[in-house]
Amino acid sequence: LVVEVRAAAIQFGLDANETYTTYSDVGRDTLLLVLTASPANCLCPETWRYPLGGRLPYRGYFDFDPGHRAAAEYAARGHDVHLRPSAAFSTLGWFNDPLLSTAITRDSVELAALVFHEIAHNTIWVPDAADFNESFAQWVGYRAAQRFFMARGDTLLAIRALDRWHDEQILGAYYDRLVERLDSLYADRPTGEALSRGRAAIEAWSRDTL
């Protein structure tokens, strides 16, 4: 499947280069942990600068212990912290990224979308623009997967890919509304109990709305 998706990516005009022409067994079920952190009274995430990617609001840890320590340090400073697993990453075409064992536990639609997603990063990457880069790659991933499965005559998987892109759009609208509510709360610069009450109310709204 990955070989066929690579070929389709080239036909679609994406820069596949030598990405996913080899395979690597990571030897564990989690490739890396990705850390994001932001002060609890604003939407202003910590950022880190990378030689190829520019300044980005996340940091990856292939060694898990430093990741957990960094998350604990930011939490102790009063930050909201999220430490999540990631099954894949891209070197943006600078190196020949292998297909990793952590990526092939997905279903066919997700695996195809992942390959298109990472190859999209090879094709277009704007430094310091994480939101655009990831949104672009998500769009390419699912819409290219839809086109790929339709060309194979697999209507079921093509519809599934389109449905998942629609889910991404719905979630995007939900997150826009959540951000608006948080921005409104933080604009008044609340502290102490007022900040806690405001965040609790938005958390309840976000959970119920989701």
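Scroll up to find the structure this text is about.
Notes on the structure follow. (Residues numbered from 1 in each chain as written. Predicted model: local features only at pLDDT ≥ 70, side-chain atom pairs only at ≥ 80, totals over all residues. Heavy atoms only, no water.)

## Some points on unusual backbone geometry
Most of the time, phi is negative for any residue but glycine, and the peptide bond is trans. What counts, and what does not: Helix and strand assignments follow DSSP, with helices taken as H or I runs no shorter than four residues and strands as E runs no shorter than two, numbered in order from the N terminus. The buried label applies to any residue whose accessible area, calculated with a 1.4 Å probe on protein chains only, is under 20% of its type's maximum; exposed applies above 50%, and partly exposed to all values in between.
For N17, which is not glycine, the phi dihedral falls at a positive 50°. Along the chain, the position of N17 falls in the loop between helix 1 (2-11) and strand 1 (23-24). We classify N17 as partly exposed; its relative accessible area is 41%. One non-glycine residue, L92, lies in the positive phi region at around 60°. Along the polypeptide, L92 turns up in the loop between strand 6 (79-86) and strand 7 (99-100).

## What to know about the packing of aromatic side chains
Let me state the cut-off plainly: For Phe, Tyr and Trp, where Trp contributes only its six-membered ring, two rings pair if their centres lie within 6.5 Å, and the inter-plane angle classes them as stacked under 30 degrees, edge-to-face over 60, or tilted in between.
In the structure shown here, the tally under the stated rule is nine aromatic pairs. On the numbers, 5.5 Å between centres and 80° between planes, the contact of F62 with F89 is edge-to-face. Pair noted here: F62 is in the loop between strand 5 (59-61) and helix 2 (64-76) and F89 is in the loop between strand 6 and strand 7, with a separation of 27 residues, a long-range link. For F89, a relative accessible area of 33% translates into the label partly exposed. On the numbers, 6.2 Å between centres and 45° between planes, the contact of F136 with W139 is tilted. Placement of both F136 and W139 in helix 4 (residues 130-151) is noted, with a separation of three residues, approximately one turn of the helix. Of the residues examined, W139 reaches a relative accessible area of 41% and is grouped as partly exposed. Among the aromatic residues, those joined into a ring-pair cluster are F12, F116, F148 and F149.

## A short note on the packing of helix 4 against helix 5 (residues 155-187)
What counts, and what does not: All axes here are fitted lines through C-alpha atoms, helices being fitted over the stretch that makes contact, and every angle between N-to-C directions spans 0 to 180 degrees. Note that the term roughly parallel is reserved for angles under 35 degrees, roughly antiparallel for angles over 145, roughly perpendicular for angles of 65 to 115, and oblique for everything else. Crossings are sorted by hand: turned counterclockwise from the far helix by less than a right angle, the near helix makes the crossing left-handed, and turned clockwise it makes it right-handed. Should any heavy atoms of two residues lie within 4.5 Å, those residues are considered in contact. Amino acids are sorted into nonpolar (Ala, Val, Leu, Ile, Met, Phe, Trp, Tyr, Cys and Pro), charged (Asp, Glu, Lys and Arg) and polar (every other residue, Gly among them).
Taken N-terminus to C-terminus, the directions of helix 4 and helix 5 make an angle of 165°; their axes are 7 Å apart at the nearest point. Judged by the angle between their axes, helix 4 and helix 5 are roughly antiparallel. Here the hand of the crossing between helix 4 and helix 5 comes out left-handed. Residues Q138, W139, Y142, R143, A145, Q146, F149 and M150 of helix 4 lie in contact with helix 5, whose contacting residues are T155, L157, A158, A161, L162, R164, W165 and E168. In terms of residue class, the contact of helix 4 with helix 5 is built from 10 nonpolar, three polar and three charged.

## As for the sheet that holds strand 6
The cut-off we apply is this: By definition, two strands form a pair when at least two bridges between them are found by DSSP.
The three strands lie next to each other as 5-2-6, forming an open sheet whose pairing is antiparallel. In this open sheet, the two strands that pair with only one neighbour each are strand 5 and strand 6. Each neighbouring strand pair of the sheet contributes to a mean axis angle of 25°, computed without reference to strand direction. Contacting strand 2 (32-39), strand 5 and strand 6, helix 2 crosses the sheet at an angle of about 160° to strand 6.

## Examining a nonpolar patch on the surface
Applied cut-off: Surface patches are defined over residues having more than 30% relative accessible area and no salt bridge, joining like charges when they lie within 9 Å and nonpolar side chains (Val, Leu, Ile, Met, Phe, Trp, Tyr) when within 5 Å. All accessible-area figures derive from a Shrake-Rupley calculation using a 1.4 Å probe, and residue coverage is judged against the displayed protein chains alone. For salt bridges, the criterion is a side-chain nitrogen of Lys or Arg within 4 Å of an Asp or Glu carboxyl oxygen.
On the surface, L52, W94 and F95 cluster together into a nonpolar patch covering about 380 Å² of accessible area. With respect to the helices and strands, L52 occurs in the loop between strand 3 (48-50) and strand 4 (54-56). According to the relative accessible area criterion, L52 is partly exposed, its value standing at 36%.

## Comments concerning helix 6 (residues 192-209)
In an α-helix, one turn spans 3.6 residues; hence positions three or four apart end up facing the same way. What counts, and what does not: An expected span of 1.5 Å times one less than the residue number is assigned to each helix. Note: the arc covers the axis-to-C-beta directions of the helix.
In a regular helix each residue adds 1.5 Å, so 18 residues correspond to 26 Å; helix 6 covers 26 Å between its end C-alpha atoms and thus fits that length. Every buried residue of helix 6 is listed here: L195, G198, I202, W205 and S206. Seen along its axis, helix 6 keeps its buried residues to an arc of 100°; they face one direction. Helix 6 presents G192, E193, R207 and D208 as exposed residues on the side facing more than 90 degrees away from its buried surface. Turning to helix 6, the residues buried within the fold contact helix 5.

## Notes on the packing of helix 5 against helix 6
Two elements in contact, helix 5 and helix 6, have axes separated by 10 Å at closest approach and are oriented at 170°. The pairing of helix 5 with helix 6 is recorded here as roughly antiparallel in orientation. Together, Y174, R177, L178, R181, L182, L185 and Y186 of helix 5 and L195, G198, R199, I202, W205, S206 and T209 of helix 6 make up the contact between the two elements. Split by residue class, the contact of helix 5 with helix 6 holds eight nonpolar, three polar and three charged.

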